[in-house]
Amino acid sequence: MADIMDLICYPIKGCAGTSMSDALLTPAGLAHDRSFMVISEDGVYRTQRRHPRLALIRPAVSADGTQLTLDSADATGRYGAVCLDVTTSAPRRDVDLFGAAFQGIDQGDGAAAWLSEFLGIPSRLVRMPPEHDRVADGLTPGPSGYADSSAVHLLSHASLTLLNRRMAERGAPPLPMNRFRPNIVVDSLHGHDSGGDWAAVPHAEDRARRITIGEAELGHAKLAVRCAVTLVEQEAGARRGREPLRTLATYRRAASGGVVFGAKFSVLRPGKLSVGDDVVVQEWGDAEL
């Protein structure tokens, strides 16, 4: 068993997250998570992989989803906040997400102008349409918005503690949790140790196949393959060196390729989540490393 330490929603794909004490878990993840996406003028998604300044954009969406505020953490103070009326009735347009074709609802010239100036490249903002029916693959397939893959990314503090210890052994400074952009942070998950007692285990989320949190339930989809986004210092909106990928490559290589850290889950049963809620692993499996 474990406790939720933090809940983070990322309303706009690739932009800063908002830490919450309570959140509604919908069939497609935390309410409003990755429901918006920045795109090029020809509809191709933008992420921190190529546009690290996205990390400095701080979106806030109203509880009912009808208002979106764009603000920034840019140190120059040049960019004021802009509040937008979210539209779900405008014409749909084709968008590209990792080569897959989806639909998006353009949020207008005001959002486009603000984003284009901030990023220094022509950009537009789209919202996921209500009829969006994407199903992400994995061991447990499930609905997903504009996330990279499955709807929920869960990571334990125990896993980050181990990574930071290994990086310290290589002379690298510790990294904060926000480098990995999880939705649910838990203190640790638990499994039997060699003596048969229950003990905190780093990366136990790799083996958690079914998890209940209050009335909500999650099913394991896949391990979270890490990319260049983890190299972006979120507070600066810029890449910083080769960590954590360099250290992760020494002990977290997946059998299918890439380095992994954390796990992705699909929503089996929606419900309300709160910091401090018990996280109970109902079913364990084998790690995919």
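The structure we're discussing is the one just above.
This is a predicted model, so every value here is computed, not measured.

**Q** Which parts of the structure should I look at to understand the overall build of the protein?
**A** Along the protein, the regular secondary structure elements total three helices and 25 strands. For 289 residues, the compact-globule formula gives about 19 Å, and the C-alpha radius of gyration of the protein, at 19 Å, lands near that figure. With the C-alpha coordinates aligned to their principal axes, the bounding extent of the protein is approximately 60 × 45 × 35 Å. On the protein, roughly 12400 Å² of surface is accessible, and the fraction owed to carbon and sulfur atoms is 51%. On the protein, the mean spot of the 32 positive side-chain charges and the mean spot of the 35 negative ones are 7 Å from each other.

**Q** I would appreciate a short explanation of the packing of aromatic side chains in the present structure.
**A** To describe a pair of aromatic rings, one takes the distance between the centres and the angle between the planes. By the definition in use, this model includes four aromatic pairs. Seen from their ring centres, Trp114 and Phe118 are 5.4 Å apart, and the 5 degrees between their planes marks the pair as stacked. Of this pair, Trp114 and Phe118 both sit in helix H1 (residues 109–119), four residues apart, roughly one helical turn. Of the two residues examined, Trp114 and Phe118, each falls in the buried class.

**Q** Just checking my understanding: could you explain the pairing of strand S8 (residues 67–72) for this structure?
**A** Side-chain positions along a regular strand alternate between the two faces of the sheet. Across the two faces of S8 the burial differs, with Leu68, Leu70 and Ser72 buried and Gln67, Thr69 and Asp71 not buried at all. Summarising the sheet, strand S7 (residues 57–61) and S8 pair through five bridges and their orientation is antiparallel. Of the residues in S8, the one forming a bridge with Ala60 is Thr69. Where S7 folds back onto S8 in an antiparallel hairpin, the turn is made up of five residues, including Gly65, whose phi is positive at roughly 75 degrees. Judged from the four bridges that link them, S8 and strand S9 (residues 82–85) form a sheet pairing that is antiparallel. Across the sheet, residue Leu70 finds its bridge partner in S9, namely Val82.

**Q** Just checking my understanding: could you explain the nonpolar core for this structure?
**A** Across soluble globular proteins, nonpolar side chains have a tendency to be buried as a group. If you look at the biggest cluster of nonpolar residues, it comprises 24 residues, and the most contacted ones within it are Ile184, Leu189, Ile211, Leu218 and Leu273. Those elements that place two or more of their residues in this core are strand S1 (2–9), strand S4 (22–26), strand S15 (152–156), strand S16 (184–186), strand S19 (208–213), strand S20 (216–225), strand S23 (260–269) and strand S25 (278–284). Excluding anything up to four places from it in sequence, Leu273 contacts Ile4, Leu7, Ser21, Asp22, Ala23, Leu25, Leu30, Ile184, Ile213 and Ala216. Judged by nonpolar contacts, the second largest core, of 18 residues, contains Cys15, Phe36, Trp114 and Phe118.

**Q** So what exactly am I meant to see when it comes to the sheet that holds S8 here?
**A** Each strand in a sheet pairs with another by means of backbone hydrogen bonds, the pair being arranged parallel or else antiparallel. Reading across from one edge, S7-S8-S9 is the order of the three strands in this open sheet, with antiparallel pairing throughout. Every other strand in the sheet has two partners, leaving S7 and S9 as the edge strands with one partner each. This sheet shows a mean twist of 20 degrees between the axes of neighbouring strands, independent of strand direction. The sheet strands contacting H1 are S7, S8 and S9, and the helix crosses S8 at an angle near 20 degrees.

**Q** In this structure, what is going on with the environment of Pro141? I would like to understand it.
**A** Relative to the elements of secondary structure, Pro141 occurs in the loop between strand S13 (135–136) and strand S14 (142–143). For the pair Pro141 and Asp64, spaced 77 residues apart in sequence, the C-alpha to C-alpha distance is 27 Å. Discounting chain neighbours no more than four positions away, the residues touching Pro141 are Val135, Ala136 and Ser266.

**Q** Would you mind going over H1 with me for this structure?
**A** The periodicity of an α-helix, 3.6 residues per turn, causes residues three or four places apart in sequence to face the same way. Turning to H1, its buried residues number three or more, namely Ala111, Ala112, Trp114, Leu115, Phe118 and Leu119. Taken end-on, H1 shows its buried residues confined to a sector of 165 degrees, consistent with a single buried face. Along its buried surface, H1 packs onto strand S6 (36–39), S7, S8, S9 and strand S12 (124–127). Directly after H1, the chain includes Gly120, whose backbone phi takes a positive value near 75 degrees.

Conventions we followed
- Residues numbered from 1 in each chain as written.
- Predicted model: local features only at pLDDT ≥ 70, side-chain atom pairs only at ≥ 80, totals over all residues.
- Heavy atoms only, no water.
- Helix = DSSP H or I, 4+ residues; strand = E, 2+ residues; numbered from the N terminus.
- Rg over C-alpha atoms; globule rule 2.2 N^0.38 Å.
- Areas by Shrake-Rupley, 256 points an atom, 1.4 Å probe, with all protein chains shown as cover.
- Lys, Arg positive; Asp, Glu negative; His and termini not counted.
- Charge placed at Lys NZ, Arg CZ, Asp CG, Glu CD.
- Phe/Tyr/Trp six-rings, centres within 6.5 Å; stacked < 30°, edge-to-face > 60°.
- Buried < 20%, exposed > 50% of the residue type's maximum accessible area, 1.4 Å probe, protein only.
- Pairing = 2+ DSSP bridges.
- Core = buried A, V, L, I, M, F, W, Y, C linked by side-chain atoms within 4.5 Å.
- Contact = heavy atoms within 4.5 Å.
- Axes fitted to C-alpha atoms, helices over the stretch in contact; angles between N-to-C directions.
- Arc of directions from axis to C-beta.

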